[in-house]
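Given next are the chains, with one letter for each unit.
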Amino acid sequence: MIWDQLSGLFSSTGFVQTAFLSLLALAGAGLLIWRFASRGTRADADTQWIPEPVLEVLLRDLSPYQFAALLRPDGRILHASPAALQAWGVPPAAVTGRHLGDLPCWNEPPESRHAVHKLLLQASTGRAGQVQIACDHPERQKKLDLRISLLPGLPYLICTAQETPAAVAAVAASAVSAAPVVTGAASETALLEELAGLLPAARDLTEVCKISGAFLSRLFPRGVGALYLAADSGAGFVPQARWGGVEKISPRVDSADCWALRRGGEHWMEPGASSLCCDHALGSQGLCHVCVPLLSRGETIGLLYIEWADAADAPSRSLPRALAAQMAPALGHARASHVLREQAIRDGLTGLLNRRALDENLPKLMLRASDANRPLSILLFDVDHFKRFNDQHGHDAGDLVLRKVGQRLMDSMREGDLAFRYGGEEMLVLLPGSGAAEAALCAERLRKSISTLNLIHRGEQLPPITASVGIAEHPFDGADAESLIKWADRGLYAAKAAGRDCVIRHSQVAKAA
């Protein structure tokens, strides 16, 4: 039949047209064969983007009265928890691949099936929904609270079904005693969903750590712990978020101090177990703990540490794993962005913020100060006789001086203060919330600190280092960034003219004159 049709085509059309139509028919047949051959593995492919620990927490058996399932956006079930049999009277294997709304448990009454389809449609648009629905269970008629919502950050739906409180109260006392477990597990799942939605929206690494710390304290309210990240210097891991007994937390963890970091996998320390206590947790010896490395792109970027005293407070094995799987990508991305950002706004020699960062921050801080009706002062430093110092001792010695002066400035900053390398041997400090009088005291303290530097370069004792400082206050000395820096620069030149190694606010000198 097919060959007869092709012969007709040869006789009625040109050869080129016939060849094109034949190839098109063969391509269509190949597409159909591929479609049927790939149907069996489709569900597995759909879940390859979900970390296994996260999937484990989402779909575990929350209790004999709660069921969880992962759905495709079209409502077909990809994975179901073992509690499917208790909740719907259908084993997990029997529901996988089927449409949620077509399960036999919605046969009676007919309104149930309609309610499920309506809930699926609502959830697929991003609006979570919940409905109380009758379930035609083989054992008895059940009333379920069915909830379907879009999984944050992933193109899947999460469905949970729990028997209504009134129905639970009517069954055996053993079911009632299981209710606290339901609440705890359901709470963990809800918190993980909420965390997954917030982490991608974080603006920077600081915010990712703040969000993570807040959720860790909620997930482990009776425990003690910390979220560690690799130090910028590369020397170990330092805590970025803590909860519980903060005084017990080690201020730094080296790779050699933690079994999880040494093994490259989670490490549990529990009573009666053969596992060893990590060195960084020796201060809490006798307590249980778990350490989970945070891995991003094959690199260990952090560590999740949790400890607890009572066995009843122990987390499930899957929860720390799921948290690490959620937090690590967000922390890795934020950390990479942070590193690139720091490279763009930091001076390579001194470690201070650079001129670009000053141009970004000064106008914003001045506007914020004006809105809040608060002062803002700037200090402009210049290392005295720096050119002569370079000529006599060499540029390497000059670089050492700039590094040490910059370090003194950074070490002396209050929270909210910012230090910049303005250019050459000039450095600038922003003091939000400080008026000229307070800024003068700060400048004097920094000037004296710089004068105490004791520097040795290549075995040679370098001469004392001094600095001159000019002060300007917003809005009295300048309503915009350019004029404010101009007045500070005039104060700096006045300090140089006055013999150096002193602090002057030029606008006061000008008014006095």
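For clarity, every value in this text was computed on a predicted model and none was experimentally measured. (Residues numbered from 1 in each chain as written. Predicted model: local features only at pLDDT ≥ 70, side-chain atom pairs only at ≥ 80, totals over all residues. Heavy atoms only, no water.)

## So, the overall build of the chain
So, point 1. Scanning the chain from N- to C-terminus turns up 19 helices and 17 strands.
So, point 2. Within the chain, buried positions represent 45% of all 513 residues.
So, point 3. Counting every atom, the chain has about 26300 Å² of accessible surface; 56% of that belongs to carbon and sulfur. (Helix = DSSP H or I, 4+ residues; strand = E, 2+ residues; numbered from the N terminus. Buried < 20%, exposed > 50% of the residue type's maximum accessible area, 1.4 Å probe, protein only. Areas by Shrake-Rupley, 256 points an atom, 1.4 Å probe, with all protein chains shown as cover.)

## A short note on the sheet that holds strand β13 (residues 426–432)
So, point 1. Read from one edge to the other, the open sheet built from five strands follows the order β12-β13-β11-β16-β17, with strand pairing classed as mixed. The sheet is open, and its two edges are formed by β12 (418–423) and β17 (503–504), each paired on a single side.
So, point 2. Relative to strand β16 (residues 467–474), strand β11 (residues 376–383) runs antiparallel, the two sharing eight bridges. Within the sheet, the bridge partner assigned to F381 lies in β16 and is V469.
So, point 3. Lying on the sheet, helix α17 (residues 436–451) is in contact with β11, β13, β16 and β17; it crosses β11 at an angle near 25°.
So, point 4. The sheet strands contacting helix α18 (residues 481–497) are β11, β12, β13, β16 and β17, and the helix crosses β16 at an angle near 150°. (Pairing = 2+ DSSP bridges. Contact = heavy atoms within 4.5 Å. Axes fitted to C-alpha atoms, helices over the stretch in contact; angles between N-to-C directions.)

## Digging into the confidence of the model for the chain
So, point 1. In this model, the chain carries a mean pLDDT of 78, and residues with pLDDT of at least 70 account for 74%.
So, point 2. In this model, residues 166–183 is a region of pLDDT below 50 whose contacts with residues beyond four sequence positions or in other chains number 13 contacts. (pLDDT = per-residue confidence, 0-100.)

## With respect to the pattern of salt bridges
So, point 1. The final tally for this structure, using the stated rule, is 20 salt bridges.
So, point 2. Note that R203 is salt-bridged to E207, the shortest N-O span being 3.0 Å.
So, point 3. As a salt-bridge pair, D384 and K496 come within 3.0 Å of each other at their nearest N and O atoms. Here D384 is found in the loop between β11 and α15 (386–393), whereas its partner K496 is found in helix α18, with 112 residues between them in sequence.
So, point 4. Each member of the salt-bridge network shares a partner with another, and the members are R341, R356 and E360. (Salt bridge = Lys/Arg side-chain N within 4 Å of Asp/Glu carboxyl O.)

## Considering helix α16 (residues 395–411)
So, point 1. Relative to the 24 Å expected for 17 residues at 1.5 Å per residue, α16 spans 24 Å between its end C-alpha atoms, a close match to the ideal helical length.
So, point 2. Along its buried surface, α16 packs onto β11, α15, β12, β13, α17 and β14 (456–457). (Expected span 1.5 Å × (residues − 1).)

## A word on the pairing of β12
So, point 1. Note: β12 against β13, five bridges, orientation antiparallel. Each residue of the ladder has a partner; that of L418, found in β13, is L430.
So, point 2. Remark: two residues form the turn of the hairpin made by β12 and β13, two consecutive strands paired antiparallel; G424 in that turn has positive phi of roughly 60°.

## Concerning α18
Every α-helix winds through 3.6 residues per turn, so residues three or four apart in the chain are directed the same way.
So, point 1. Taking 1.5 Å per residue as the helical rise, α18 with its 17 residues ought to reach 24 Å, and the 24 Å between its terminal C-alpha atoms agrees with that figure.
So, point 2. Taken together, the buried positions of α18 are occupied by L484, I485, A488, G491, L492, A494, A495 and K496.
So, point 3. N-capping of α18 is provided by D480, with a side-chain oxygen placed 3.1 Å from the backbone N of E482.
So, point 4. Where α18 ends, the next residue or the one after it, G499, has phi of about 110°, a positive value. (Polar contact = N/O pair within 3.5 Å; in protein donor to acceptor, adjacent residues only side chain to side chain.)

## Regarding the packing of helix α11 (residues 205–219) against helix α13 (residues 318–345)
So, point 1. Axis separation between α11 and α13 bottoms out at 9 Å; the angle between their running directions is 165°. The angle between α11 and α13 falls in the class roughly antiparallel. Between α11 and α13 the crossing geometry is left-handed. Across the interface between the two elements, L205, V208, C209, S212, L216 and L219 of α11 pack against L319, L323, M327, A330, L331, A334, R335 and H338 of α13.
So, point 2. Among the residues forming the contact of α11 with α13, the class breakdown is 11 nonpolar, two polar and one charged. (Parallel < 35°, antiparallel > 145°, perpendicular 65-115°, else oblique. Left-handed = near helix turned anticlockwise from the far one by under 90°. Nonpolar A, V, L, I, M, F, W, Y, C, P; charged D, E, K, R; others polar.)

## Quick word on the packing of aromatic side chains
So, point 1. Under the criterion given, the structure shown has two aromatic pairs.
So, point 2. Considering the side-chain rings of W268 and W308, the 5.9 Å spacing of their centres and the 65° angle between planes classify their relative orientation as edge-to-face. Placement of the pair is W268 in strand β8 (residues 267–269) and W308 in strand β10 (residues 299–308), with a sequence separation of 40 residues.
So, point 3. Here W268 falls in the buried class, since its relative accessible area comes to 8%.
So, point 4. Owing to a relative accessible area of 3%, W308 belongs among the buried residues under this scheme.
So, point 5. For the cation-ring pair, R218 lies above F215, with the distance from its terminal atom to the ring centre recorded as 4.9 Å. (Phe/Tyr/Trp six-rings, centres within 6.5 Å; stacked < 30°, edge-to-face > 60°. Lys NZ or Arg CZ within 6 Å of the ring centre and 35° of its normal.)

## Remarks on the packing of α15 against α16
So, point 1. Across the interface, α15 lies against α16 with an axial gap of 7 Å and an inter-helix angle of 135°. Our classification of the angle between α15 and α16 gives oblique. Here F386, F389, N390 and H393 of α15 lie close against α16, whose contacting residues are H395, A397, G398, V401 and L402.
So, point 2. Each residue belonging to the contact of α15 with α16 can be placed in one class, and the counts come to five nonpolar, four polar and no charged.

## As for the environment of A357
So, point 1. Within the secondary structure, A357 sits in helix α14 (residues 355–372).
So, point 2. Separated by 64 residues in sequence, A357 and R421 have C-alpha atoms that sit 9.7 Å apart.
So, point 3. Not counting residues within four places of it along the chain, the set of residues in contact with A357 comprises I345 and F420.

## Describing the nonpolar core
So, point 1. Grouped together as the largest cluster of nonpolar side chains are 35 residues, with contacts concentrated most on L216, F220, L294, L304, L323, M327 and L331.
So, point 2. At the level of secondary structure, the elements contributing two or more residues to this core comprise α10 (179–198), α11, β6 (224–230), β7 (237–243), β9 (288–296), β10 and α13.
So, point 3. Setting aside its immediate chain neighbours within four residues, L216 contacts L227, W243, L304, L323 and M327.
So, point 4. Ranked by size, the runner-up nonpolar core spans 29 residues in total, among them L352, V429, L446 and I465. (Core = buried A, V, L, I, M, F, W, Y, C linked by side-chain atoms within 4.5 Å.)

## Some remarks on the sheet that holds β7
So, point 1. Spatial ordering of the open sheet is given by β7-β6-β10-β9-β8, a layout of five strands whose pairing is antiparallel. Each edge of the sheet is formed by a strand with only one pairing partner; in this case those strands are β7 and β8. When the angles between neighbouring strand axes are averaged without regard to direction, this sheet yields 20°.
So, point 2. In this structure, β6 lies alongside β10, joined through six bridges in antiparallel fashion. Bridge pairing links L227 to L304 in β10.

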